[in-house]
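Spelled out from the first residue to the last, the chains are:
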Amino acid sequence: MTLTPTPRKLTRRQLLQSSVAAGTIAVAGTGFIAAPNAAWALEVTEITEHQLATLVQMARDTYPHDSVGDEYYVIAVKGYDNADQKEFIAQGVAKLDDLAQADGAPDYLSTKWEDNRVALLKQIEDDAFFQTIRGGLVTGLYNQKAVWPIFGYEGESFSFGGYIDRGFNDINWL
Amino acid sequence: MTKFEMSDDSVVVVIGTGAGGGVLSNELAQKGVNVVALEAGGRYLPEDYVNDEWESFGQLAWVDPRTTSGDWRVSKDFSGLPAWIVKAVGGTTTHWAGASLRFQDHEWKAKTNYGEVEGANLLDWPIDPREMDDYYIKAENKLGVTRTGGRAGLPGNNNYLVFEKGAKALGYNEVHTGRMAINSDDYDDRLACQQTGFCFQGCKWGAKWSAAYTDIPRGEATGNLEVREHAHVARIVHDDSGKVTGVEYFDKDGNLHLQKARVICVAGNSFESPRLLLNSASSMFPDGLANSSGMVGKNYMRHMTGSVYAVFDKPVKMWRGTTMAGIIQDEARHDPSRGFVGGYEMETLALGLPFMAAFLNPGAWGRGFTTALDSYENMAGMWLVGEDMPQETNRVTLNTDVKDQWGLPVANVNFSDHPNDVAMREHAYRQGQAVYDAVGATRTFPTPPYPSTHNLGTNRMSADPKDGVVNKWGRTHDIENLYISDGSQFTTGAAENPTLTIVALAIRQADHIAGELSNGNL
Ligand SMILES: Cc1cc2nc3c(=O)[nH]c(=O)nc-3n(C[C@H](O)[C@H](O)[C@H](O)COP(=O)(O)OP(=O)(O)OC[C@H]3O[C@@H](n4cnc5c(N)ncnc54)[C@H](O)[C@@H]3O)c2cc1C
Ligand code: SF4
């Protein structure tokens, strides 16, 4: 199975400093995966870089928000990097890659169009694997306080005294 | 704080401290009756509440195991969470939005006014609507309901302003910012609403009425009420004559206690109240307490519900301000020409982003779903709530295969819509979507019901003991010193949000119990 982009040996430090190959996510092959612009890098311990990168892409394809950066999707799925779920993740990713191969691509990650990846996800939609990842994302992604501003949501308001003087009825286009 | 002995068999024991139990406890205490209120949850006050949807859910919600069956979608999407209700002192009045509407007169007599509805188990309430007038006034004054008793309405927030404009464009007339148990001015030692927008998470200003910081502490201040929190009642016990004599409950360390009682009032909300009666089966009452009719747990109602969210090409910021900020009442009438009996209310509703992601279309994924959330800032929303049909097959039973943390069989909740519910929901979706289309919505979402917030009917009130569990006072037909004091006593659900009626019935029941006690009948 080929990984994309091509694995490069880099230290975590170098990863964080340099930008790596094009593509959404760099699978560095040294126990790290990282953003192409080195905005973030993550160490994996139990699952493989390929598996984590697949989970991140899968998270994006499941709940695609073009203005939400990969780092939030990474945070949402990194919890699967544990000994208990290792086998579950390995099997789920392997099945997804098999389906991608049956479709003529090397694996899920190198299936280039979102529509095609979504078609693969549709095939596993009822699997415990997909449902676990999807269900986890509902809180894993949308309950990150850092993503709220991207959607305009303002979160806690008590400490600001509520909206009584801060625009609870400021709509101006009606 | 007053403490009563476990062996004190002169006390009234109230189980649950929500809208029904919390109010009843205080009302009795105010009349000089000694009350021990047992509450499964802990005590949280405004300073403890958090403006964060999931964190608050973790703090307050009832998450002990329950199971589900039937063809309702909640059973698929939230199989272990049939209801969204609270386990805490004050019960679900910490979460509630505060909409406080009286029943319409015809709704007290659903069977008479709607006629036979196939597959429905309709019944008239054994209460005349005029008997309730004074109790509604008392309840409205207690809760400080806006637009009643000379209290002003709340100002409308952005979500309301969109809704109102659409409603008027459609020709609706009864449109306003609601009758809400939320202060529009300082009232009853509680602040006016600051429009923080986290009403479902517990009001940190105390602007919204909750039993947690009104009735409960006031009852305690009389010296006649002892509230024991983290006290989960497992069983009600009785003597050879069939009168109930006390309750067994687990404290927070799992120790079992027996509190003696002269009268027992069950107010654990519509899953736990029947569950407790069923779990209290004995050789004398093999089918559970007060169940000679076989009606305990049956006729579960949850209101016809649904939501409509809509996105616009410009921002709304619906989360700002009161969660439920206004109402359209034109569809609440009974008008069978619409293809269903009974009516429904349309009420604005806002969810924060985390809950919107969970509830807009549970299980959905992909761009069809995410582009809706991309427009979250431009979204407006309303909740639809109408009368649903009681059906015997919609019921709470014991699931002996699943036990809670105390080893007690859990409640299984079986529910399927009645065709009348489906027809009403379809109508309500169409009207809700039309409201937003009239203001230029670019997309609308007919959103399925959430886990139930209104839970009713599982110990229903009936004139004839064969048809229900309790009489017009909430007293069980079978056992004279056992009462039901929560929403489970509802004979039918009406279109309105239930809590004002639960509170009015609790005030009325307190009058009755105090009277019976002083007449020596209890
Ligand atoms: C998000 C939300 C919004 C709502 N908005 C509105 C609204 O706008 N208007 C309206 O009218 N209604 C609203 N409701 C509904 C309203 O909150 C309920 O109808 C009302 O609180 C029910 O009162 P109750 O006494 O039946 O039960 P609850 O208030 O739920 O109280 C039951 C109490 O009993 C306790 N208990 C249960 N079993 C045991 C046991 N075995 N031992 C000891 N204690 C036990 C529970 O922990 C709980 O505290 C809303 C509900 C929710 C969840
Ligand atoms: S909007 Fe008003 S009622 Fe709701 S939580 Fe805020 S202050 Fe309380």
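What you are looking at is a predicted structure, and each value in this text was computed from that prediction instead of being measured.

1. Some remarks on the pairing of strand S10 (residues 304-311) of chain B
All names here are of chain B. Most of S10 is tucked away, with eight of its eight residues classed as buried. Here S10 shows a buried face lined by Met304, Gly306, Val308 and Ala310 and a second buried face lined by Thr305, Ser307, Tyr309 and Val311. Relative to strand S13 (residues 379-386), S10 is paired through eight bridges, and the arrangement is antiparallel. Note on S13: the bridge partner recorded for Val308 is Met382. Two elements, S10 and strand S16 (residues 443-447), share five bridges in a ladder whose sense is antiparallel.

2. Side note on the site of ligand 1
All names here are of chain B. Near ligand 1 lie 39 residues; those nearest to it are Glu39, Trp84, Thr92, Asn269 and Thr499. Residue Gly487 places a main-chain N or O atom 3.2 Å away from an oxygen atom belonging to ligand 1. Alone, ligand 1 offers 1000 Å² of accessible surface; in the complex the protein occludes 98% of this. Going through the elements one at a time, helix H1 (19-30), strand S6 (232-238), helix H8 (269-279) and helix H12 (499-518) are the ones with two or more residues in the shell around ligand 1. For the shell around ligand 1, the class distribution of residues is 18 nonpolar, 17 polar and four charged.

3. Let's talk about the sheet that holds strand S17 (residues 482-484) of chain B
Residue and element names in this part refer to chain B. Strand order across the open sheet formed by five strands is S5-S2-S1-S9-S17, with parallel pairing between neighbours. Whereas interior strands pair on both sides, the edge strands pair on one side only; in this sheet they are strand S5 (225-228) and S17. Averaged over neighbouring strand pairs, the angle between their axes works out to 20° when direction is ignored. Sheet strands in contact with H12 are strand S1 (12-15), strand S9 (263-266) and S17, and its direction is about 170° off that of S17.

4. What to know about the confidence of the model for chain B
Note that predicted coordinates carrying low pLDDT should not be read in detail. When pLDDT is averaged across chain B, the result is 98; 100% of the residues are at 70 or more. Here the predicted complex carries an ipTM of 0.93, next to a pTM of 0.95.

5. Structural notes on the interface of chain B and chain A
Taken together, the contact between chain B and chain A spans 41 residues of the former and 39 residues of the latter. In total, about 3600 Å² of surface goes out of reach between chain B and chain A, with carbon and sulfur atoms giving 64% of it. Contact with chain A buries surface across chain B, with Arg320, Trp365 and Arg367 of chain B losing the most and accounting together for 22% of the total. The interface formed by chain B and chain A contains five salt bridges.

Reading guide: rules and limits
- Residues numbered from 1 in each chain as written.
- Chains lettered and ligands numbered in written order.
- Predicted model: local features only at pLDDT ≥ 70, side-chain atom pairs only at ≥ 80, totals over all residues.
- Heavy atoms only, no water.
- Buried < 20%, exposed > 50% of the residue type's maximum accessible area, 1.4 Å probe, protein only.
- Helix = DSSP H or I, 4+ residues; strand = E, 2+ residues; numbered from the N terminus.
- Pairing = 2+ DSSP bridges.
- Near = heavy atom within 4 Å.
- Polar contact = N/O pair within 3.5 Å; in protein donor to acceptor, adjacent residues only side chain to side chain.
- Areas by Shrake-Rupley, 256 points an atom, 1.4 Å probe, with all protein chains shown as cover.
- Nonpolar A, V, L, I, M, F, W, Y, C, P; charged D, E, K, R; others polar.
- Axes fitted to C-alpha atoms, helices over the stretch in contact; angles between N-to-C directions.
- Contact = heavy atoms within 4.5 Å.
- pLDDT = per-residue confidence, 0-100.
- Buried area = accessible area lost by both parts, 1.4 Å probe.
- Salt bridge = Lys/Arg side-chain N within 4 Å of Asp/Glu carboxyl O.

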